[in-house]
Amino acid sequence: MNTKQATSKQPPNWLMMPTRFSWWVLLITICLVIAATIGGKNLYFRGDYNIFFDGENKQLRAFDEIQTTFAKSDNLALVIAPKSGNVFEPETLTLIQQLTQEAWQVPYSSRVDSLANYQHTEATDDDLIVEDLLLDEYQLTPERIAKIKQISLSEPVVKHSMISEKGDVSVVNITVQLPEIDETAEVLEVVSAANQLIDKYQTLYPNVEFHKAGIIAMNHAFMMAAQDDTSTLVPTMLAVILVFLTVMLRSILSVIATLVVIMGSVAATMGLSGWAGMFLSTATVNIPTLVMTLAVADCVHVIATMRQNMKLGYSKHYAIDQSIAINFMPILITSVTTAIGFLMMNMSDSPVLRDFGNLAALGVMIACLLSVSLLPALLKVLPIKVNAVDASNSTPTDVMDKLGDWVVKNRNALLPLSAVVIAVSASLLPLNKINDESVKYFDSRSEFRRAADFMEARISGMSNINIVVKSRESQGIADPVYLQTIGDFTNWLRQQPETDHVATLSDVYKRLNKNMHGDENSYYTLPLDRELAAQYLLLYEMSLPYGLDLNNQINVDKSSIKMVATVANLGSVEMVDLENRIYQWFADNAPQYEVVASSPTLMFAHIGETNMASMLSTLPITLILISALMIFSLRSLRLGLISIVPNMAPAIIGFGLWALFSGEINLGLSVVVTLTLGIVVDDSVHFLSKYQRARKQGQSAEEAVRYAFHTVGRALWITTVVLVAGFSVLAMSSFRLNADMGQLSAIVIFIALVVDFVFLPALLMKFDTASYTQDDTQTLNTSTAPATTQLQS
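Residues numbered from 1 in each chain as written. Predicted model: local features only at pLDDT ≥ 70, side-chain atom pairs only at ≥ 80, totals over all residues. Heavy atoms only, no water.

(A) Inspection of the overall build of the chain at higher detail. Of the regular secondary structure elements, the chain holds 24 helices and 12 strands. Principal-axis analysis of the C-alpha atoms gives the chain an extent of 115 × 50 × 45 Å. A buried classification covers 60% of the 793 residues belonging to the chain. For the chain, restricting intrachain contacts to residue pairs at least 6 apart in sequence, the fraction spanning at least 24 positions comes to 81%. As displayed, the chain offers around 31000 Å² of accessible surface, 58% of which is attributable to carbon and sulfur atoms. Of the charged side chains in the chain, 53 are positive and 74 negative; the average position of the first set lies 15 Å away from that of the second. (Helix = DSSP H or I, 4+ residues; strand = E, 2+ residues; numbered from the N terminus. Buried < 20%, exposed > 50% of the residue type's maximum accessible area, 1.4 Å probe, protein only. Contact = heavy atoms within 4.5 Å. Areas by Shrake-Rupley, 256 points an atom, 1.4 Å probe, with all protein chains shown as cover. Lys, Arg positive; Asp, Glu negative; His and termini not counted. Charge placed at Lys NZ, Arg CZ, Asp CG, Glu CD.)

Written out as structure tokens, the structure reads:
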């Protein structure tokens, strides 16, 4: 490519301050970064599931109401699986007895339920006997064990809850009442005590396999996922950046300058979040990885342009000034558009995703500021040298020059081909379905995921739905109509294919009615006499030992009961469908009663759907803002409008591809469109700014495309590689929300480069046919070395 050398355009004086007052700029920026970083001491970590929901979340309010009315249901389930495949052996039953007794010593435990202390009732003459199923007074003789087995595998309260259908797995369920002063520390305390118990009994009973499940285990899994990400992903990201930058920039000092900027960006971002009183979570713990990735993109553009100028024989001082002058506006616009994309995550229903967006936006803008202040000052101070080349004898052998020539030559074929690819991808979008499964937030490396999968395969799913049925009157639960409704609903719920177990008061009533009639099986029915039902319940409650009362099923004035349906580990679509069927059953059969259904699993099932809806509703606003910024920065309505399609195409193609090999959109993926939109703009802004620069020098659209490839192609390739590598590192996370988000974001960002190298140039050469007002102050440093304009540093 042969381009006339024009008079160089002097950057504004304030942009040249980093090269004129390098040491002062270094001192001031480093002091500001340190002041911001000090705020990091205020950061703390929260790993409980509540952080994913804000106070206005409908399902969370319902769950809080249930937790307030009834005893809290935060639990840790200790799963016991003898290798013999038979729980009903003296050794295993003794283990269950011992473990049940010691489980009461777990911090904050308020209740322990197992086969050992299941309150079995039976009639002896005119007396009702209520006692532990594995009462210590009874020897575990073959006859006694046979009776225990018969009761365990026939009682609906026990089967699929405390014992598997095959009798090969049992569960000791510990209910805890956390003070919630420091929930993270409290969860760690509970899990630590449980681990000590398991270690103790694993030594005593080596032929038994132990697992931990339940809400407490899930909260702990969130913490472990964050800890694993922090200890592995951040160092991996640093290593990836070092390798790629060293290979591509071929300058150790340039890499050092970049590392100082990205580490300063990360430290300042996290420090300012600490000053703002924010906390770290499973989502925001990966902000350092993201900010490092985004900061590199800014630095690469500045360094690549500087090195291009120095190769042409310009002094380093002049090369840095020209690089900042040329790249300042594109860097600013890409940073602002990226920040806008992240800030639109404030429309998310999940507080941690809002925090993620705000911190990422803050990090992007800090990186932007440091890349035009700290970076040029460092580049000026460091003894960076680049060998000049004799441009007059050079030939366009550069890969980017060849690619530019190929795109220009094949533009007539590339445009319709690109349009077809986008259209086909758009047709695949409906194949994606929103489907969150909270258990699968963790991959198979997670101890919790392995426990959940084991439980689902051997005894029941870990997901549940709390269902409160309000009679609207005191003592109303003894009303025959109410009791019959509960009985009918329980039978219906157990018939649903998703249901593994239903804990319901109707089973207690049936068993008591049978006991009070001499244990005659024909009386295993609901007592449909109000006074009789009330007397049965009172007699039973008075016989229960401390800690095993019915407060977890009945409210204080006995106007409501809580049922718990344990279901298979369903996706969000199936879970919400079951919830809707529950509400519909009451609407059809018992509209006089108020029903509230909620649980952490149900909350996660809803949030992905509502989050995607809120994200899609903000997408037009994001597009309008970004398009307006593009038009403003390029000062061209035509180029701004042309850029809209290439900016949207990567997300369309990316989600189209996702539909082919997955098709499931979870909470993490619901933010990918807004997250990547701003990043995608980075390529198009830099390409368009160089293209427009050439057009203003009187070049044709074809020549301007070649110039854009020559000047910015390599920088775009480097930034894309680093961005894709960064998000690919995030895809290595053991936490699926982060992993899927990283994987799809990497795909979209790579597609963005392809689109901007293929589709955007074809669009420009087809539709940008108008003439430009020539600007003689623009400099096109391509292949002709400067003769008289070289500045001395």
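Moving on, there is more to tell.
(B) Molecular detail of the domain arrangement of the chain. For the chain, the assigned domains are domain 1 (397–431 + 599–769) and domain 2 (464–597). Computed from C-alpha coordinates alone, the two centres of domain 1 and domain 2 are separated by 54 Å. If you look at the interface, domain 1 gives 5 residues, while domain 2 gives 8 residues. Put simply, domain 1 and domain 2 have 0 salt bridges between them. There are 2 residue pairs in polar contact (both at pLDDT 80 or more) connecting domain 1 and domain 2. Of the residues contributing to the side of domain 1 that touches domain 2, the split by class is 2 nonpolar, 3 polar and no charged. (Domains from an automatic or database assignment. Salt bridge = Lys/Arg side-chain N within 4 Å of Asp/Glu carboxyl O. Polar contact = N/O pair within 3.5 Å; in protein donor to acceptor, adjacent residues only side chain to side chain. Nonpolar A, V, L, I, M, F, W, Y, C, P; charged D, E, K, R; others polar.)

(C) Highlighting the packing of aromatic side chains. In the structure shown here, the tally under the stated rule is 23 aromatic pairs. An angle of 80° between the planes, with centres 5.1 Å apart, marks the rings of W585 and F586 as edge-to-face. Their ring planes at 85° and their centres at 5.4 Å tell us that F687 and F709 sit as a pair that is edge-to-face. Of this pair, F687 sits in helix α22 (residues 672–695) while F709 sits in helix α23 (residues 701–730); the two residues are 22 residues apart in sequence, bridging distant segments of the chain. The buried category is assigned to F687, whose relative accessible area is 0%. What makes F709 buried here is its relative accessible area of 0%. (Phe/Tyr/Trp six-rings, centres within 6.5 Å; stacked < 30°, edge-to-face > 60°.)

(D) Representation of the sheet that holds strand β10 (residues 560–567) in the model. Ordered by their spatial adjacency, 4 strands build an open sheet running β9-β10-β8-β11, and the pairing between neighbours is antiparallel. Lying at the two open borders of the sheet, with one neighbouring strand each, are β9 (499–503) and β11 (594–598). Taken over all neighbouring pairs, the strand axes of this sheet differ in orientation by 20° on average, direction set aside. When β9 meets β10, the two strands line up antiparallel, connected through 4 bridges. Bridge assignment links V502 to a residue of β10, and that residue is A565. (Pairing = 2+ DSSP bridges. Axes fitted to C-alpha atoms, helices over the stretch in contact; angles between N-to-C directions.)

(E) Representation of the UniProt feature "domain: SSD" (unreviewed entry) in the chain. In the numbering used here, UniProt assigns the "domain: SSD" (unreviewed entry) feature to residues 256–381 and 639–766. Note that residues 256–381 is 81% helix and 0% strand, and that its end C-alpha atoms are spaced 12 Å apart. Along residues 639–766 the backbone is 84% helical and 2% strand, and the end-to-end C-alpha distance reaches 12 Å. (UniProt positions renumbered as here; feature names shortened; annotations may be inferred.)

(F) How the structure looks around the pattern of salt bridges. Counted according to the given criterion, the structure contains 25 salt bridges. Here R472 ties to E594 by a salt bridge, and the two come within 4.0 Å at their closest N and O atoms. With a gap of 122 residues between them, R472 in the loop between β8 (463–470) and α16 (480–495) and E594 in strand β11 connect regions that are remote in the sequence. Overall, the relative accessible area of 31% leaves E594 in the partly exposed class. Residue D740 pairs with R736 through a salt bridge whose shortest N-O separation is 2.9 Å. Of this pair, D740 and R736 both sit in helix α24 (residues 736–767), 4 residues apart, roughly one helical turn.

(G) Examining the packing of helix α10 (residues 316–343) against helix α11 (residues 351–371) more closely. Viewed as axis vectors pointing N to C, α10 and α11 meet at an angle of 175°, and their least axial separation amounts to 8 Å. Regarding the angle of α10 to α11, the classification is roughly antiparallel. Each of I324, I331, L332, S335, V336, T338, A339, F342 and L343 in α10 lies in contact with α11, whose residues at this interface are F356, G357, N358, A360, A361, V364, M365, C368 and S371. The residue makeup of the contact of α10 with α11, split by class, is 13 nonpolar, 5 polar and no charged. (Parallel < 35°, antiparallel > 145°, perpendicular 65-115°, else oblique.)

(H) A look at the packing of helix α13 (residues 399–409) against α23. At a closest axis distance of 8 Å, the pairing of α13 and α23 adopts a crossing angle of 140°. Classified by the angle between their axes, α13 and α23 sit oblique to one another. Judged by the sense of rotation from one axis to the other, the crossing of α13 with α23 is right-handed. Here M400, D401, L403, G404, D405, V407 and V408 of α13 come into contact with α23, specifically with E702, V705, R706, F709, H710, G713, R714 and W717. (Left-handed = near helix turned anticlockwise from the far one by under 90°.)

(I) Inspection of the pairing of β10 at higher detail. Burial of β10 is extensive: 8 of the 8 residues sit out of reach of the surface. Two elements, β8 and β10, share 8 bridges in a ladder whose sense is antiparallel. What sits directly across from I465, in β10, is A565.

(J) Representation of the environment of E56 in the model. Within the secondary structure layout, E56 lies in the loop between α2 (22–37) and α3 (58–69). In the structure, E56 is positioned 512 residues away from A568 in sequence and 28 Å away in space, judged by C-alpha atoms.

(K) Structural detail: the side chain of S734. Looking at the element boundaries, S734 is found in the loop between α23 and α24. When near neighbours in sequence (up to four residues on either side) are disregarded, S734 contacts A225, D228, D229, Y441, F442, D443 and R445.

(L) How the structure looks around a nonpolar patch on the surface. Nonpolar side chains collect at one region of the surface, where W14, M17, F21, W24, L27, I28 and L32 lie side by side and expose about 800 Å² of accessible area between them. Looking at the element boundaries, W14 is found in the segment before α1 (17–20). (Patch = residues over 30% accessible without salt bridge, like charges linked within 9 Å, V, L, I, M, F, W, Y side chains within 5 Å.)

(M) The arrangement of helix α5 (residues 142–152) in detail. Every buried residue belonging to α5 is among R144, I145, I148, I151 and S152, and all of these are buried. Buried residues in α5, looked at end-on, bunch into an arc of 125°, giving them a common side. In α5, the exposed positions that point more than 90 degrees away from the buried face belong to P142 and E143. Residues of α5 that are buried sit in contact with α4 (90–103), β3 (119–124) and β4 (127–132). (Arc of directions from axis to C-beta.)

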